[in-house]
Amino acid sequence: MTPRPRKPSDEAGKSRKTAKPAKSTASTTSAKSTKSTTSAKKAAAKAPAKGGRATGAPAVTEPPATEPVVTESPIAESPVTESPVTESPVMDGDRARLLSGTHHDPHGVLGAHSVPGGTAFRALRPYATAVTVIADGLHAELRDDGDGFFSAVLPLRTAPDDYRLRVTYEETELEIHDTYSFMPSLGEFDLHLIGEGRHERLWDALGARPMIHQGATGTRFTVWAPNARGVRVVGGFNFWDGVGFPMRSLGGSGVWELFVPSVGEGELYKFEITRPDGSTTLRADPLARRTETPPANSSVVHESHHEWHDQEWLARRADLSPHEAPFSVYEVHLASWRPGLTYRQLAEQLPAYVSDLGFTHVELMPVAEHPFGGSWGYQVTGFYAPTARLGTPDDFKFLVDALHRAGIGVLMDWVPAHFPRDDWALAEFDGRPLYEHEDPARAAHPDWGTLEFDYGRKEVRNFLVANACYWCEEFHIDGLRVDAVASMLYLDYSREHGEWTPNAQGGRENLDAVAFLQEMNATVYRRAPGVVTIAEESTAWDGVTRATHHQGPGGFGGLGFGLKWNMGWMHDSLGYVAKEPVHRKHHHNEMTFSMVYAYSENYVLPISHDEVVHGKRSLVSKMPGDWWQQRANHRAYLAFMWAHPGKQLLFMGQEFAQGAEWAEGHGPDWWLLDPAYGAEADHRGVRDLVRELNTVYRREGALWQRDTDPGGFAWVDGDAAEDNVFAFLRYPASGGDGTPLLAVSHFSPVVRHGYRLGVPEEFAAWQEVLNTDEGRYGGGDVTNPDPLKPEPVASHGRPASLRMTLPPLATIWLRPA
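Residues numbered from 1 in each chain as written. Predicted model: local features only at pLDDT ≥ 70, side-chain atom pairs only at ≥ 80, totals over all residues. Heavy atoms only, no water.

## Quick look at the pairing of strand 10 (residues 216–224)
For a regular strand, side chains alternate in direction, first toward one face of the sheet and then toward the other.
Alright, step 1. The buried fraction of strand 10 is high, at eight of nine residues.
Alright, step 2. With seven bridges joining them, strand 9 (residues 207–213) and strand 10 adopt antiparallel strand pairing. Bridge pairing links R209 to R220 in strand 10.
Alright, step 3. Adjacent in sequence and paired antiparallel, strand 9 and strand 10 are bridged by two residues, among which Q214 carries a positive phi angle near 50°.
Alright, step 4. Bridge analysis of strand 10 against strand 13 (residues 255–261) gives seven bridges, and the strand direction is antiparallel. (Buried < 20%, exposed > 50% of the residue type's maximum accessible area, 1.4 Å probe, protein only. Helix = DSSP H or I, 4+ residues; strand = E, 2+ residues; numbered from the N terminus. Pairing = 2+ DSSP bridges.)

And the structure:
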């Protein structure tokens, strides 16, 4: 932590005003922090001749009453004692640019520089009354040039390697390294990669990074702002007054850099950017790795100290492709799963709960920082920072670590499609469109009032590709579910005729977005073995999960995702089960149509948060009939889903048939599972079924080994519309025990006795392994308790068949006994 002239109270050190919220986020965000009014500044305003900066006052150049004194110097061949020194004030042009925040090379003016007659020392320390250069054998007070500038030429051949500045204020005195004595702390190779848009660890180069540089401990601040006339870093360490902390421009890279000694982790900061029109804007760091808790929005200097203990998990993560492994996902909104819990408190409860229910993965709704909680994290301002609402970045790592040690994979929603317009974040970051497209029609997202990224700009593409890698590498995330992919892929997405411009080939595809997604997927899979990317893509785009180097019939290479949400299956199947059973026969094809295209992509079957909010009702409340029938439908549908080709995803609260829609303010209705509640057994029974579904699912390879192989599925009867019955076989991979699984879903509220279904003849008997109508789940306990032996009666194209009892509104699974 850097020493301060005077430590004010929190209120005096950084007061805030409320920024106008972005239309899309309805957020209440803290605006730029105002300058503190310490007694040192008050004194400076009264006595500008002593180094204070009085606005609008002319430069004061009157020298102090006494000449600076230089004692013995180790630099010169002979001691320098009490020799008069000459002044070396900052030239008027440089002075004006430094004071106005438009200087691109402050290090070329401030600091120590060889000049005729010795070495010139120049410092810009607003509100100081004196500045003295200190080194081994050197003690020289600089002249006060006014406006906070101090200078002198000392008869030294070269500057000392490690000199310091003693800065005197009215009430305190500091001895610090000279910020402007340091060489650039960012290497040429980093700048070369940034210029190419290929820095895959961009977070190592940009942002705030605590480090030791030239023997001094401090923090390097770097930011990409190519349109800025000047950039200064402000924070608690300088009372949010950046005049004395201008950053230097590193050539044509657009990157600005400043190493500030004595500033360490935990310090708040922002960048004060002078726009092309001369106005200034105060911005949070786009690559901040930690932020204040919203609605405050300053960035926080951060260095991780977490020690990982998930080496065993990472070592075996890449052993088996997710396409050929059990993959059952519990979707969670962390802030409302158990409201009020921190990341570390969640680590004590969430892994145990998910493990008990048998899910293989959790999917976290967006964790990256966002100003408005009601956006659920889908309007991001801090792409590199886990939300501070629940703790620090290391606290979030602790949660991921705990889940891994419990054998649970961690997927995370990632939102590269758009960002909000908050004026302290990415929108027109340096005064002009930078992260967003320069064409306002291309930049504005028509649905959410947000801004779309400019995927054609290599630095923006680099920002996002590196961000995907960042979560996987720094936080050990096992998969990224990419939100709103369809809105990225099409230029005419939610736009009417005349509101969009075709691409260079005359089509509607966003070619820049296609290239970005291909690069992102290829880079993540190369850098993080075992990670899976998942697309939320709601159209029939060809090749979402095809490899990027394989060109499809549409002329495009694949997008390279590992999996894709099957939005068609979700829409059709929910539409079917919401119908009264008497009408379902007219919609039978809505349940069977998914198998027409089931192997066109690698699918996840999602019952996500989107399906249980905003008037859509919870899953059990979508079902027709009385409370018993609603729960029966709910159970039968879940078992149908678990048996259907594809992976499964279920949103929290639906595992115990919560009747109310989800609301981020209070989360799931856990009280439904309180034994004191009269209907607790009804909800506990559904949760017990979900546990059993996952248990049998993980045991039966036929349900997951060939999810992407057409040979792993066969209809037994897909046309029993009058009976509301769907029966199919799932086959395991070759080389196993070869045991198939028969799934039969019956969506009528009647019992069907002696129902005949054709089965393979080579198995002597079949045994129920799951029945959603069992009494322990809340059903009527209509089961097939004894093994069923095939009869030599042809049925459904097979020479043998079973006669079984179908429970009402139920799904049963059978396997060879």
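Structure shown, so let's carry the discussion forward.
## A closer look at the side chain of K564
Alright, step 1. When you line up the elements, K564 lands in strand 26 (residues 563–565).
Alright, step 2. K564 gets classed as buried once you look at its relative accessible area, which sits at 4%.
Alright, step 3. Polar contacts involving the side chain of K564 include one to the side chain of E537, which spans 2.9 Å.
Alright, step 4. In this structure the side chain of K564 is engaged in a polar contact, spanning 2.9 Å, whose partner is the backbone oxygen of T539.
Alright, step 5. Among residues more than four places away in sequence, those in contact with K564 are I534, A535, E537, T539, V544, T545, E601, N602, Y603 and V604. (Polar contact = N/O pair within 3.5 Å; in protein donor to acceptor, adjacent residues only side chain to side chain. Contact = heavy atoms within 4.5 Å.)

## As for helix 13 (residues 511–527)
Alright, step 1. Look at helix 13: 24 Å from first C-alpha to last across 17 residues, which is about the 24 Å you get at 1.5 Å a residue.
Alright, step 2. The complete set of buried residues in helix 13 reads A513, V514, F516, L517, Q518, E519, M520, N521, T523 and V524.
Alright, step 3. N-cap assignment for helix 13: the residue whose side-chain oxygen lies 3.2 Å from the backbone N of D512 is N510. (Expected span 1.5 Å × (residues − 1).)

## Observations regarding the packing of helix 4 (residues 188–196) against helix 11 (residues 458–474)
Alright, step 1. Running from N to C, helix 4 and helix 11 cross one another at 105°; their axes reach a closest spacing of 7 Å. Taken together, the axes of helix 4 and helix 11 lie roughly perpendicular to each other. On helix 11, the residues touching L193, I194, G195 and E196 of helix 4 are K458, E459 and N462. (Axes fitted to C-alpha atoms, helices over the stretch in contact; angles between N-to-C directions. Parallel < 35°, antiparallel > 145°, perpendicular 65-115°, else oblique.)

## Looking at the sheet that holds strand 2 (residues 118–124)
Alright, step 1. Strand order in the open sheet formed by four strands is 1-2-6-5, and the pairing between neighbours is antiparallel. In this open sheet, the two strands that pair with only one neighbour each are strand 1 (111–115) and strand 5 (143–146). Adjacent strand axes in the sheet meet at a mean angle of 25°, parallel and antiparallel pairs treated alike.
Alright, step 2. Pairing of strand 1 with strand 2 involves five bridges; the strand directions are antiparallel. Paired with G111 across the bridge in strand 2 is R122.

## Side note on the pairing of strand 14 (residues 268–274)
Alright, step 1. Across the seven residues of strand 14, six count as buried, placing the element largely inside the fold.
Alright, step 2. Relative to strand 14, strand 11 (residues 230–235) runs antiparallel, the two sharing six bridges. Within strand 14, the residue paired with G235 across the bridge is Y269.
Alright, step 3. Here strand 14 runs beside strand 16 (residues 299–300); their pairing, made up of two bridges, is antiparallel.

## Structural notes on the sheet that holds strand 3 (residues 130–135)
The strands that make up a sheet are held in pairs by hydrogen bonds between backbone atoms, and each pair lies either parallel or antiparallel.
Alright, step 1. Strand order in this open sheet of four strands is 4-3-7-8, and the pairing throughout is antiparallel. The strands lining the two open edges of the sheet, one partner per strand, are strand 4 (138–141) and strand 8 (173–177). Between one strand axis and the next, the sheet turns through 20° on average, direction left out of account.

## Looking at the pattern of salt bridges
Alright, step 1. If you walk through the whole model with that rule in mind, you get 43 salt bridges.
Alright, step 2. When salt bridges with common partners are traced through the structure, they connect E200, R201, D204, R209, E473, E474, R526 and R527 into a single cluster. (Salt bridge = Lys/Arg side-chain N within 4 Å of Asp/Glu carboxyl O.)

In short, geometric facts, not functional conclusions.
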